[in-house]
Amino acid sequence: ALIPAILYYLSLLLIVHFHARRVAVATANTSAPIERPIQSKPFEGVVFATALGSLILFLILGYTAFRAVTLSLATIIVISSFNQNTRLKVGKTLQGLIKAARDVVPLVSAAACVGIIIGIVTLTGIGTRLPATIIPLAEQSLFLALVLIMLSSIILGMGLPSAVCYLLMATLIGPVLGDLGVIPLAAHLFIFYFGMMSMVTPPVALAAYAASSIAGTRIMPTAFAAFRFALVGFTLPYMFVYRPELLLLSKTGEPLGLLAVLAPVSIAILGVTCFAAGIAGQLRNPLSLGLRLAVFAAAGLLLAPGSTQILGSGLPVTVLDITGVGVFAAVWVLNKNR
């Protein structure tokens, strides 16, 4: 699962990068003054690193999630007390508690609504009926099966914990994917991946609810922004189903060496770059409508599976891949610096 995870976070990095460049170009063309960002103190970074590092450490040591969070908070308080800029004071502590109580209201409301959905799914049996209904429709087409399983995983992931959603879908749908020739590991990762993507899929998007509280923004615009930035991630499960080399596996499920996955990973990176540039509307410069459509076409060619290999059986490079590289190169040249 390492390569798909790296590709996903690479897509987020590229979208943020291209979006920031586009905003910078738009700002440079206006006469509005640019606000200087607030400079953070070095020790504040230490406190943030301690928060994440201690939480992961306590989870690895076997503590429950609730106890790990409690111990991590205690660790943060201890570390922050070593610097006067981060040391907790009575006034700031009260302000922080009040702000946290206000910011958590939308998240609590969303969690309560999700509780209703969980009750409907578990009590009515719709969680088992929905996958069972799509099985006869998807038995003859792998792509149709993947699309329907994606929708089921996202819908169930909105109302069920990710682990429960995975177990339900893997039990009911996993054997069907195996019959369609999908490698078992790729099938199970596909189901689990889209169960997690429900966290950034409106209207529930619980991760966006938490992010909007932190950023002080409106919930739905934040949710749709999260969905837009994560769009590249919706293509990755299809990629590692049709290109199991991204999971370090051959078409038959055998382990592969690093050299055998070099070409598929390079193509995937270029495809993710094209998709990110198309979503942000920026490459070397802002993309016109025609170039934006062209870069989306390049992404589709690079991410789509192909069957005709042109560089020999040892290198899984197809006609679609070469065409996509050519389209991207043309866009790169036409989108030259002014």
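Description of the structure in this document. Numbering of residues begins from 1 in every chain and follows the order in which that chain's sequence is written. This being a predicted model, a pLDDT of at least 70 is required before a residue's local features are given, and a value of 80 or more before pairs of side-chain atoms are given or counted; all residues contribute to the totals for chains, interfaces and linings. Excluding hydrogens and water, the side-chain values take into account all heavy atoms of the structure.

**Some remarks on the overall build of the protein**
Secondary structure summary: the protein contains 15 helices and zero strands in total. For every residue, the accessible area obtained with a 1.4 Å probe (protein chains only) is divided by the maximum for its type, and the residue is called buried under 20%, exposed over 50%, and partly exposed between those limits. In the protein, which comprises 338 residues, the proportion classed as buried is 36%. Methods summary: accessible areas were calculated by the Shrake-Rupley approach with a probe of 1.4 Å, and residue burial reflects only the protein chains presented. When the accessible surface of the protein is totalled, it reaches about 19,100 Å², and 73% of it is carbon and sulfur. Secondary structure elements are defined from DSSP: runs of H or I of at least 4 residues count as helices, runs of E of at least 2 residues count as strands, and each element is numbered from the N terminus.

**Observations regarding the packing of helix α13 (residues 258-280) against helix α14 (residues 289-303)**
Remark: α13 packs on α14, axes separated minimally by 8 Å, with the N-to-C direction vectors making an angle of 150 degrees. Taken together, the axes of α13 and α14 lie roughly antiparallel to each other. Our pair here, α13 against α14, has a crossing hand that is left-handed. Each of I267, A268, L270, G271, V272, C274, F275, A277, G278, I279 and A280 in α13 lies in contact with α14, whose residues at this interface are R292, V295, F296, A298, A299, L302 and L303. In the scheme used here, Gly and all other residues not listed as nonpolar or charged are polar, with Ala, Val, Leu, Ile, Met, Phe, Trp, Tyr, Cys and Pro taken as nonpolar and Asp, Glu, Lys and Arg as charged. Considered class by class, the residues forming the contact of α13 with α14 number 15 nonpolar, two polar and one charged. The convention used is that axes are lines fitted to C-alpha atoms, helices contributing only their stretch in contact, and that angles between N-to-C directions extend from 0 to 180 degrees. By definition in this entry, angles of less than 35 degrees are roughly parallel, angles greater than 145 are roughly antiparallel, angles of 65 to 115 are roughly perpendicular, and the rest are oblique. Left-handed describes a crossing whose near helix is turned anticlockwise from the far helix by less than a right angle; the clockwise case is right-handed. In this description, contact between two residues means that some pair of their heavy atoms is separated by no more than 4.5 Å.

**A word on the environment of I15**
Topologically, I15 is positioned in helix α1 (residues 2-28). The class of I15 is buried, set by a relative accessible area of 1%. Separated by 216 residues in the primary sequence, I15 and L231 place their C-alpha atoms 10.0 Å from one another. Filtering out sequence-adjacent residues up to four positions away, I15 remains in contact with R228, F229, V232, A276, I279 and A280.

**Here's the deal with the nonpolar core**
In these notes, a set of buried Ala, Val, Leu, Ile, Met, Phe, Trp, Tyr and Cys residues joined through side-chain atoms within 4.5 Å is what counts as a nonpolar core. Ranked by size, the top nonpolar core spans 62 residues in total, and within it F190, F194, M197, F240 and L246 carry the most contacts. Listed by contribution, the elements that provide at least two residues to this core are α1, α6 (142-159), α7 (162-172), α9 (184-197), α12 (236-242), α13, α14 and α15 (319-334). Examining the composition of this core, we find that twelve residues originate from one element, α13, more than from any other.

**Description of helix α2 (residues 42-60)**
The span you would expect from a helix comes to 1.5 Å times its residue count less one. Between its first and last C-alpha atoms α2 spans 27 Å; for 19 residues at 1.5 Å apiece the expected length is 27 Å, and the two agree. Every buried residue of α2 is listed here: V47, T50, S54 and F58. Burial along α2 is one-sided: seen end-on, the buried residues are contained in an arc of 55 degrees. Along α2, the residues that are exposed and aim more than 90 degrees away from the buried face are P42, F48, A49, L52 and I60. Looking at the buried residues of α2, the elements they touch are α3 (65-80). What the arc describes is the spread of directions from the helix axis to the C-beta atoms.

**Side note on a nonpolar patch on the surface**
Each patch groups residues whose relative accessible area exceeds 30% and which form no salt bridge, using 9 Å between like charges and 5 Å between nonpolar side chains of Val, Leu, Ile, Met, Phe, Trp and Tyr. Every case where a carboxyl oxygen of Asp or Glu lies within 4 Å of a side-chain nitrogen of Lys or Arg is listed as a salt bridge. Together, L52, I56 and I60 make up a nonpolar patch on the protein surface, roughly 320 Å² of accessible area in all. Here I60 falls in the exposed class, since its relative accessible area comes to 67%.

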